[in-house]
Amino acid sequence: MYRFLLSRQWVILTLLALALVPTMIELGFWQLHRHEHRVAQNELISESLAAEPVPAESLTAPGREVAREDLYRRVTAKGRFDTGHEVVVRRRTDNDGKVGYHVLTPFVLDDGRVLLVNRGWIPADERQTEFPRIPAPARGETTVTGRLMADQTTAASGIKDLKGLPDRQVMLINSEQQAELLGKEVLGGYIEMTAPEPADGSPQLIAEPDHSGIGPHMAYAVQWWLFAAGVPVGWVILVRRERRDRAEAAAEAEADAGAGSESESDSSEAATAPA
């Protein structure tokens, strides 16, 4: 009755179904983990932004990675901007998706150590081969406030750290790289400046990170699990349909064979009947 399941076609189809089910289940859990990570990230950002600012030196130090629980924490620092060693970070977008630069300015603390400050976004010209004109920051001793961020790496950001760029242009914000260029002690990570705001609105301050949306990952997880449940159901339906079609074909063949036998019998009787 089900001998057709041993055919090459059905063996391949069955093996494919057996492979798809665990794969789809695993994809569902992968999307679930992404959902859980997004929820945890939103909670971390919300708590960090709501906390009172603390001195940057209390959360980071030269050669030290910014701890995950300290990401997005509001921090303050007192010192002066060193625009002579300012660099721009290529291929960065503003709040409207326009491509330009992020302005990275060393901020020299009272003890001589340096904190990297991302002052915000400026537009880029078409060639992007010359160092752009950048509005100057506040002069003299200043107190800055910003969100503490981890050093950028290619592995974490997906941005290639290209070499041979025009003078004072970089691809990543990385305290170790800047420490080598400056020849000074640079605190690990950097801050996205939120205050003081530039007088003329440039550089454009970086917007607060989104921490309200959870994305479609949970819906995708449910979809994958529904697909996984649908595979065996679909396999059973196909098997039953194949069995029914084969049974109907066999019945038609048997009926045709019976009709042919009766026709031959009638012809034989007609031939032997007396004239």
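Residues numbered from 1 in each chain as written. Predicted model: local features only at pLDDT ≥ 70, side-chain atom pairs only at ≥ 80, totals over all residues. Heavy atoms only, no water.

S.K.: Help me understand the overall build of the protein chain in this model?
M.R.: Looking only at helices and strands, the protein chain features four helices and eight strands. Sequence-ordered secondary structure for the protein chain, helices as α and strands as β, is α-β-β-β-β-β-β-α-β-α-β-α. Against the compact-globule benchmark of 19 Å for 275 residues, the protein chain has a radius of gyration of 35 Å, which places it well outside the compact range. If you line up the protein chain on its principal axes, its C-alpha atoms span 135 × 40 × 30 Å. Here the protein chain holds 275 residues, and the buried ones make up 33% of them. In the protein chain, the share of contacts with a sequence separation of at least 24, taken over all contacts with a separation of at least 6, comes to 70%. Total accessible area on the protein chain is roughly 16,700 Å²; 54% of this is exposed by carbon and sulfur atoms. A gap of 6 Å separates the mean positions of the 29 positive and 40 negative side-chain charges of the protein chain. (Helix = DSSP H or I, 4+ residues; strand = E, 2+ residues; numbered from the N terminus. Rg over C-alpha atoms; globule rule 2.2 N^0.38 Å. Buried < 20%, exposed > 50% of the residue type's maximum accessible area, 1.4 Å probe, protein only. Contact = heavy atoms within 4.5 Å. Areas by Shrake-Rupley, 256 points an atom, 1.4 Å probe, with all protein chains shown as cover. Lys, Arg positive; Asp, Glu negative; His and termini not counted. Charge placed at Lys NZ, Arg CZ, Asp CG, Glu CD.)

S.K.: Where do I start with the pattern of salt bridges in this structure?
M.R.: Pairs can form between side chains of opposite charge once their charged atoms are near each other. Applying the stated criterion across every chain, the model contains eight salt bridges. Here Lys 78 and Glu 141 are joined by a salt bridge, their closest N and O atoms 3.7 Å apart. Of this pair, Lys 78 sits in strand S2 (residues 74–81) while Glu 141 sits in the loop between strand S5 (114–123) and strand S6 (142–149), and the two are 63 residues apart along the sequence. Residue Lys 78 is classed as partly exposed on the basis of its relative accessible area, which comes to 44%. Accessibility expressed as a relative area gives 54% for Glu 141, which makes it exposed. Among the ionic pairs, Glu 192 bridges to Arg 147, the shortest N-O distance being 3.2 Å. Highlighted residues: Glu 192 in strand S8 (residues 190–195) and Arg 147 in strand S6, separated in sequence by 45 residues. By the burial criterion, Glu 192 is buried, and Arg 147 matches it. (Salt bridge = Lys/Arg side-chain N within 4 Å of Asp/Glu carboxyl O.)

S.K.: Could you clarify how one ought to interpret the packing of aromatic side chains in this entry?
M.R.: To describe a pair of aromatic rings, one takes the distance between the centres and the angle between the planes. Enumeration according to the criterion identifies four aromatic pairs in this entry. For the pair Phe 4 and Trp 10, a centre-to-centre distance of 5.6 Å together with 70 degrees between the ring planes defines the contact as edge-to-face. We classify Phe 4 as buried; its relative accessible area is 6%. If you follow Arg 119 out to its NZ or CZ, it ends over the ring of Phe 81, 5.9 Å from the centre. The ring of Phe 131 carries the charged tip of Arg 168 above its face, separated from the ring centre by 4.0 Å. (Phe/Tyr/Trp six-rings, centres within 6.5 Å; stacked < 30°, edge-to-face > 60°. Lys NZ or Arg CZ within 6 Å of the ring centre and 35° of its normal.)

S.K.: Looking at this model, I keep getting lost on helix H3 (residues 175–182). Mind explaining?
M.R.: Note that an α-helix has 3.6 residues per turn; residues three or four places apart therefore point the same way. What H3 keeps buried is the set Ser 175, Gln 178 and Leu 182. Mapping the buried residues of H3 onto a view down its axis gives an arc of 65 degrees, with all of them on the same face. More than 90 degrees from the buried face of H3, the exposed residues found are Glu 176 and Glu 180. Where H3 is buried, its residues touch strand S3 (87–93), strand S4 (99–109), S5 and strand S7 (169–170). Structurally, the start of H3 carries an N-cap: the backbone nitrogen of Glu 176 is 3.0 Å from a side-chain oxygen of Asn 174. (Arc of directions from axis to C-beta. Polar contact = N/O pair within 3.5 Å; in protein donor to acceptor, adjacent residues only side chain to side chain.)

S.K.: How should I be thinking about the nonpolar core in this particular structure?
M.R.: Note that soluble globular proteins tend to have their nonpolar side chains buried in a common cluster. Judged by nonpolar contacts, the single largest core of 32 residues is most densely connected at Phe 107, Leu 115, Val 117, Val 144 and Ile 191. Mapped by element, the contributors of at least two residues to this core are helix H1 (8–50), S2, S3, S4, S5, S6 and S8. If near-sequence neighbours (up to four positions away) are discounted, Val 117 is found in contact with Phe 81, Val 103, Leu 104, Thr 105, Phe 107, Ile 191 and Met 193. In this structure, Val 88, Tyr 101, Ile 122 and Ile 134 belong to the second largest nonpolar core, which totals five residues. (Core = buried A, V, L, I, M, F, W, Y, C linked by side-chain atoms within 4.5 Å.)

S.K.: Mind showing me how you'd approach the pairing of S2 here?
M.R.: Residues in a regular strand project their side chains so that they alternate between the two faces of the sheet. When strand S1 (residues 54–55) meets S2, the two strands line up parallel, connected through two bridges. Considered in S2, the bridge of Pro 55 is made with Thr 76. Judged from the six bridges that link them, S2 and S6 form a sheet pairing that is antiparallel. Its bridge partner being in S6, Val 75 is matched across the sheet by Gly 146. (Pairing = 2+ DSSP bridges.)

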